[in-house]
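# Observations on the three-dimensional arrangement
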Amino acid sequence: MIVLSGNDISVSFGGETLFHDVNFRLEENGRAGLVGVNGCGKTTLMHVINGRQEAETGGISKAAGIKIGCMEQYVIRDDNITLYDEVLEIFRPLIDAENELADIAVAIDTGDHSEQTLSRQMQLQERFEREGGLTYKSMTCSALVGLGFSEEDFGKPISVMSGGQKSKAQLAKLLLSGSNILLLDEPTNHLDIDAVAWLEDFLAEYFGTVIVVSHDRHFLNNVCTHTVDIDYTKIKMYVGNYEFWYESSQLIQKMLKQQNKKNEEKIKELQSFI
């Protein structure tokens with residue numbers, strides 16, 4: 001199933017054309033790595049996809065019910081609370097449901113056995129369990145530890161965290177957000193080797209679509225199923241990881257050079273004949 005598509009997108013920046021009438025389609029559960037020289041528009045394309053920037057022509061279409069998640073949506077909003085509570089806030093609907101279930105349990109213990117109370121408890125408990133209420137706290141701990149935080153860090157206020165640690169907290173919130181499409185712009189920044197390995201494993205098990213920009217070729221090789229090449233205002237999609245794309249592009253360039261050489265030799269022959 002196609003979950004996201006770009007249709008005739010054109011974008012300019014500072015009088016320079018970044019994209020011109022480009023089209024692309026991303027399938028469910030695909031992992032696409034955006035590649036190209038610095039300044040070609042990789043981050044700009046991400047901004048167009050998440051709605052932060054409008055295209056001059058064309059636009060983005062997504063399947064019904066698709067939720068797109070990016071780092072900018074999950075900024076650290078309160079430096080005064082702990083790291084654990086800040087990241088846990090991504091599960092606010094489950095936290096509210098859990099608190100309401102606790103209030104209902106107290107009401108029942110004090111004698112409220114009305115049909116309305118019992119019915120509300122049953123409905124809320126079913127939704128709570130279906131949406132991950134039994135595991136959201138352990139998922140939060142797992143993500144924080146996986147990204148390199150110690151358990152001692154959990155209780156520290158965000159205000160004492162470094163910029164890199166705050167970025168990792170944002171990444172944790174994004175990964176836990178339940179989005180169908182993750183937009184990851186240099187996600188391995190501030191991560192050590194173990195944390196990068198954990199992120200690779202997380203994305204391998206993640207049921208959704210991933211679009212990633214990264215200078216880490218090893219990461220792209222391990223994560224991506226497709227490579228999107230932004231080159232000369234055009235976008236080409238290749239099936240395969242970074243290494244496959246690189247070898248393919250080098251082969252194409254070699255073939256073009258050989259063809260150009262043959263053309264030049266042919267022209268010389270014709271000129272000599274004339």
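Refer to the structure above for everything that follows.
Residues numbered from 1 in each chain as written. Predicted model: local features only at pLDDT ≥ 70, side-chain atom pairs only at ≥ 80, totals over all residues. Heavy atoms only, no water.

This next bit is on the overall build of the chain. In terms of regular secondary structure, the chain is built from 10 helices and 9 strands. Residue burial in the chain is summarised as follows: out of 274 residues, 41% are buried. Across the chain, every contact between residues at least 6 apart in sequence was considered, and the portion connecting residues at least 24 apart equals 66%. If you sum the accessible surface of the chain, you get close to 15,800 Å²; carbon and sulfur atoms cover 51% of it. (Helix = DSSP H or I, 4+ residues; strand = E, 2+ residues; numbered from the N terminus. Buried < 20%, exposed > 50% of the residue type's maximum accessible area, 1.4 Å probe, protein only. Contact = heavy atoms within 4.5 Å. Areas by Shrake-Rupley, 256 points an atom, 1.4 Å probe, with all protein chains shown as cover.)

Tallying each qualifying case throughout the model produces 1 cavity of 30 Å³ or more. Residue lining of the largest cavity: Phe-24, Leu-26, Ala-32, Leu-34, Leu-45, Ile-49, Ile-211, Val-228 and Met-237, and that is the complete set. Secondary structure elements with two or more residues in the lining of the largest cavity: strand E2 (16-27), strand E3 (31-35) and helix H1 (42-49). Class assignment of the residues belonging to the lining of the largest cavity gives a composition of 9 nonpolar, no polar and no charged. (1 Å grid on protein atoms, 1.4 Å probe; cavity = no way out; pocket = protein on both sides within 12 Å on 5 of 7 lines; lining within 4 Å. Points joined across faces, edges and corners; volume = space filled by probe spheres on them. Nonpolar A, V, L, I, M, F, W, Y, C, P; charged D, E, K, R; others polar.)

Tallied over the entire structure, the rule returns 9 salt bridges. Here Asp-79 makes a salt bridge to Lys-166, at a shortest N to O gap of 3.6 Å. With Asp-79 in the loop between strand E5 (68-70) and helix H2 (83-88) and Lys-166 in helix H7 (residues 163-175), this residue pair connects regions lying 87 residues apart in the sequence. Owing to a relative accessible area of 24%, Lys-166 belongs among the partly exposed residues under this scheme. Note that Glu-86 and Lys-173 form a salt bridge whose closest N and O atoms lie 2.6 Å from each other. Of the two residues, Glu-86 sits in helix H2 while Lys-173 sits in helix H7, which places them 87 residues apart along the sequence. Each of the two residues, Glu-86 as well as Lys-173, counts as buried. (Salt bridge = Lys/Arg side-chain N within 4 Å of Asp/Glu carboxyl O.)

The next subject is the packing of aromatic side chains. Applying the stated rule across the entire model yields 4 aromatic pairs. Both rings, one in Phe-91 and one in Tyr-136, keep their centres 5.4 Å apart while their planes meet at 50 degrees; by these two values the pair is tilted. One end of the pair, Phe-91, is in the loop between H2 and helix H3 (92-109); the other, Tyr-136, is in helix H5 (residues 136-146), and 45 residues separate them in sequence. Comparing Phe-91 with Tyr-136, the two get one shared label, buried. Judged by centre distance (6.5 Å) and plane angle (15 degrees), the ring pair of Phe-202 and Tyr-206 falls under stacked. A connected cluster of aromatic rings, assembled from ring pairs, spans Trp-198, Phe-202 and Tyr-206. (Phe/Tyr/Trp six-rings, centres within 6.5 Å; stacked < 30°, edge-to-face > 60°.)

Look at H5 against helix H8 (residues 193-205): their axes get within 9 Å of each other, and the N-to-C directions meet at 135 degrees. With respect to H8, the axis of H5 lies oblique. For the pair H5 and H8, contact is made by Ser-142, Ala-143 and Gly-146 and by Asp-194, Ala-195 and Trp-198, respectively. Here the contact of H5 with H8 is composed, by residue class, of 3 nonpolar, 2 polar and 1 charged. (Axes fitted to C-alpha atoms, helices over the stretch in contact; angles between N-to-C directions. Parallel < 35°, antiparallel > 145°, perpendicular 65-115°, else oblique.)

Counting residues in hydrophobic clusters, the biggest one holds 45 residues, and the most contacted among them are Leu-83, Leu-144, Leu-184 and Leu-203. It is H3 that provides the largest number of residues to this core, a total of 6 residues. Residues in contact with Leu-83, not counting those within four places in the same chain, are Leu-144, Phe-149, Asp-153, Phe-154, Lys-156, Ile-158, Met-161 and Ala-169. Of all hydrophobic cores here, the second largest spans 28 residues; its members include Ile-9, Phe-19, Val-48 and Ile-181. (Core = buried A, V, L, I, M, F, W, Y, C linked by side-chain atoms within 4.5 Å.)

In this section: the side chain of Glu-86. Note on Glu-86: relative accessible area 4%, which makes it buried. Leaving out residues up to four positions away in the same chain, Glu-86 has contacts with Val-75, Ile-76, Arg-77, Asp-78, Ile-81, Ile-158 and Lys-173.

This part takes up helix H4 (residues 115-130). Helix length check: H4 (16 residues) gives 23 Å between terminal C-alpha atoms against 22 Å at 1.5 Å per residue, within 8%. In this structure, the buried side of H4 is in contact with H3 and H5. (Expected span 1.5 Å × (residues − 1).)

Moving on, we get to the pairing of strand E6 (residues 181-185). Among the 5 residues that make up E6, 4 are buried, leaving the element largely enclosed by the rest of the structure. Pairing analysis gives 3 bridges linking E5 to E6, with the strands arranged parallel. Across the sheet, residue Gly-69 finds its bridge partner in E6, namely Leu-182. (Pairing = 2+ DSSP bridges.)

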